[in-house]
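Architecture at a glance
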Amino acid sequence: MTVSSIIAASDSRMGYSPARRAFMRLSQSKAFAITVVVVAIVAIWYAFAVYLNTPWQLTVYERGDVQWTAADLVRDTLAQERPVLPAPHQVLVEIWNTTVTMNPASRRSLLFHSWVTLSSTLLGFVIGTLLGMLLAVGIVHNRAMEKSVMPWVIASQTIPILAVAPMIIVVLNAVGLTGLLPKALISTYLSFFPVVVGMVKGLRSPDVLQLDLMKTYNASRWQTFWKLRWPSSMPYLFISMKVAVAISLVGAIVGELPTGAVAGLGARLLAGSYYGQTVQIWSALVMAAAIAACLVAIVGMAHRMVLARMGQST
Amino acid sequence: MNVAVLTATGAFWAGTWALNSWLAGRTPSSAAAARARDIVVPVLFGITLLVLWEGIARGFGIPAVLLPPPSMVWERITNSVPTLWADFYQTFIKAVLIGYALGCGAGFLVAVAVDRSAFLKRGLLPIGNFVAALPIIGIAPIMVMWFGFDWHSKAAVVIVMTFFPMLVNTVEGLSASNAIDRDLMRTYAAGYWQTLFKLKLPAAAPFIFNALKINSTLALIGAIVAEFFGTPIVGMGFRISAEVQRLNVDMVWAEIAVAAVAGSVFYGVIALIERAITFWHPSVRGG
């Protein structure tokens, strides 16, 4: 008798039918729980869409002197031009119309705006991560830098930096820097902080025993850095980068607000709020959420790949 | 270009840098000396930054429209206290504090409820984590549309922004107590509420304060950015965007200085409360 058959035998003795057992296993699973919660959220969203859009729909009926039933009301509240709260399918249709069926180079295409935002997010994220790494290396290797810079790195984040965003943009525009770089700088400012904090922690994570071992090998500072400190900081770095990439997207979006709504998801939000185009606002929001989710997932994948390459599985 | 000012600035910078590395390199003789050094070194660094800024702005003759020297900003702050106070009251006292209290409170209560159900914990927590990483600030235009231009819409943005970090952290904190400790509570025949108040909440306190600290920064950002989307003619976000258009950059910097001080004090007060409440935690006891 093999091990698996023993398990199977003991399983069948529990007295539940296989279908019942499969269902129990399903209801214990994470995916099932998440699906149920998501379905519940969508249902609540629909309910609120009907509820919030009803007053306007009623005035429309009254003006048009229309006879209406409850079914009419539900159908019409979910298909308004400028609803207070658009229904999920309206948002999805809007996204479909502005991405798939439209030329990506067109200024009305959501892909065009997403790309504008994404490019400055990525540029800011890359600069911010590099800057954060450099600062962290400096802080770990230089005591004066540690004592004087570290408190200010922390203090710099209690400043609501997004509030400075419009000014940075305007000032840089006045100097002659326009386009991608000013927005990317805001993302940089936001994203360097988690990287510095995580990287300092990571570079300090090798314990005394390991550092002593490097010493007995007569390793130079350089070798200790590349062969011990750098590899052991990787897990910390990637966790920080997940936070950093999410926050640099926020920075890019806010950076687009004060430029007078030229291009990008932030501009799309601002234009939508000027003209009361709620469906447009929501579709930009959903797009931003999707981009954030993808970016975090990509960093997470890189994390797993690097750790696997280093021989540590997560 | 004013060479004398630039030289003086450079000399000052070199001097404080040398002083700082000397201070940081010494082994302090007592604990008090070490603490004093840990305060003096960053303060010196901060002063150096201000002097550098002042010196560069004046030495290179950078127009005040681009980068006003700190002295000019300070003058502006002292000259326009009533305006700054009105903006501070509108944005911070009304929108930030009310939204912060409601958002954190709601997140906390929902977390306690979620903690009772293993199913909700499995289903809601990943979604909460996901939402906490989203650019929630984007709901600002929607909130302005729903709740009007006054502070209510800003408070609503702050509520949504602070809710999810609080939810996620509290749920994590509530499950931070040991199985052994929970078993001990059971052998004492402690009820749900007793276990909650005597074991789970104290164990969750470091997590909850972590969320409170994260939220203190988020709340101020949320309120200020929400004001970019429509506001009555008062408020820090309104003032910043309005004065930028009129190129009154010193006023913008004054407003930013107020925001920075308010944000730091807010953070500091929460950190102090944390030290008082979680005095038993290793990170506090270790000094």
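The structure presented is a predicted model; accordingly, all values stated were derived computationally and were not measured.

The subject of this paragraph is the overall build of chain B. When helices and strands are counted, chain B shows 12 helices and 0 strands. What you see in chain B, going N to C, is helices and strands ordered as α-α-α-α-α-α-α-α-α-α-α-α. Taking 287 residues into account, the globule formula puts the C-alpha radius of gyration at 19 Å, and chain B, at 24 Å, lies well above it. Along the first, second and third principal axes, the C-alpha atoms of chain B reach 75 × 60 × 30 Å. Counting across all 287 residues of chain B, residues that qualify as buried make up 39%. Considering only contacts in chain B between residues 6 or more positions apart, those separated by 24 or more positions represent 77%.

Before going further, it helps to spend a moment on the nonpolar core. Membership of the largest hydrophobic core comes to 117 residues, with the highest contact counts inside it found for Leu249(A) and Val158(B). Not counting residues up to four positions away in its chain, the partners in contact with Val158(B) are Ala95(B), Val96(B), Gly99(B), Tyr100(B), Gly103(B), Ala219(B), Gly222(B) and Ala223(B).

This brings us to the packing of helix H4 (residues 81–116) of chain B against helix H10 (residues 236–245) of chain B. Residues and elements named next belong to chain B. Interaxial distance between H4 and H10 falls to 7 Å at its minimum, and their mutual angle equals 125°. In this view, H4 runs oblique relative to H10, as classed from their interaxial angle. Listed contacts from H10 to Asp87, Phe88 and Thr91 of H4 are Met236, Gly237 and Arg239. Partitioned by chemical class, the residues of the contact of H4 with H10 number 2 nonpolar, 2 polar and 2 charged.

Moving on, we come to the interface of chain B and chain A. Facing 47 residues of chain B, the contacting portion of chain A comprises 44 residues. A total of 8 residues in the side of chain B that touches chain A trace back to one element, the largest contributor, which is helix H11 (residues 249–277) of chain B.

Further remarks concern unusual backbone geometry. Phi is positive for Asn218(A), close to 60°, though the residue is something other than glycine. Looking at where Asn218(A) falls in the secondary structure, it is placed in the loop between helix H10 (208–216) and helix H11 (221–256). Taking the C-beta count within 10 Å as the criterion, Asn218(A) has 7 such neighbours and is therefore assigned exposed. A positive phi is found at Ala189(B), a non-glycine position, where the angle reads about 60°. Among the structural elements, Ala189(B) can be located in the loop between helix H8 (179–187) and helix H9 (192–227). Exposure remark for Ala189(B): the 7 C-beta atoms within 10 Å place this residue in the exposed category.

A few words now on the domain arrangement of chain A. Looking at chain A, the domain boundaries give domain 1 (16–84) and domain 2 (110–309). Put simply, the middle of domain 1 of chain A and the middle of domain 2 of chain A, counted by C-alpha atoms, are 38 Å apart.

To continue, consider the packing of H11(A) against helix H12 (residues 265–275) of chain A. Each pair of packed helices gets described by two things: the angle between the helix axes and the distance between those axes. Residue and element names in this part refer to chain A. Between H11 and H12, whose axes approach to 6 Å, the crossing angle comes to 50°. By the angle between their directions, the pair H11 and H12 is classed as oblique. When you trace H11 past H12, the crossing you get is right-handed. On H12, the residues touching Ile253, Val254, Gly255 and Glu256 of H11 are Leu265, Gly266 and Ala267.

What sets the pattern is the α-helix's 3.6 residues per turn: residues three or four places apart point alike. Three or more residues of H10(B) are buried, namely Met236(B), Gly237(B), Phe238(B), Arg239(B), Ile240(B) and Ser241(B). Where H10(B) ends, the next residue or the one after it, Leu247(B), has phi of about 60°, a positive value.

Time to look at the confidence of the model for chain B. On average, residues of chain B carry a pLDDT of 83, and 98% of them reach 70 or more. Both scores are available for the predicted complex, with the pTM at 0.78 and the ipTM at 0.71.

Cut-offs used in this document
Residues numbered from 1 in each chain as written. Chains lettered and ligands numbered in written order. Predicted model: local features only at pLDDT ≥ 70, side-chain atom pairs only at ≥ 80, totals over all residues. Helix = DSSP H or I, 4+ residues; strand = E, 2+ residues; numbered from the N terminus. Rg over C-alpha atoms; globule rule 2.2 N^0.38 Å. Buried ≥ 20, exposed ≤ 12 C-beta atoms within 10 Å, placed from the backbone. Contact = placed C-beta atoms within 7 Å. Core = buried A, V, L, I, M, F, W, Y, C linked by C-beta atoms within 7 Å. Axes fitted to C-alpha atoms, helices over the stretch in contact; angles between N-to-C directions. Parallel < 35°, antiparallel > 145°, perpendicular 65-115°, else oblique. Nonpolar A, V, L, I, M, F, W, Y, C, P; charged D, E, K, R; others polar. Domains from an automatic or database assignment. Left-handed = near helix turned anticlockwise from the far one by under 90°. pLDDT = per-residue confidence, 0-100.

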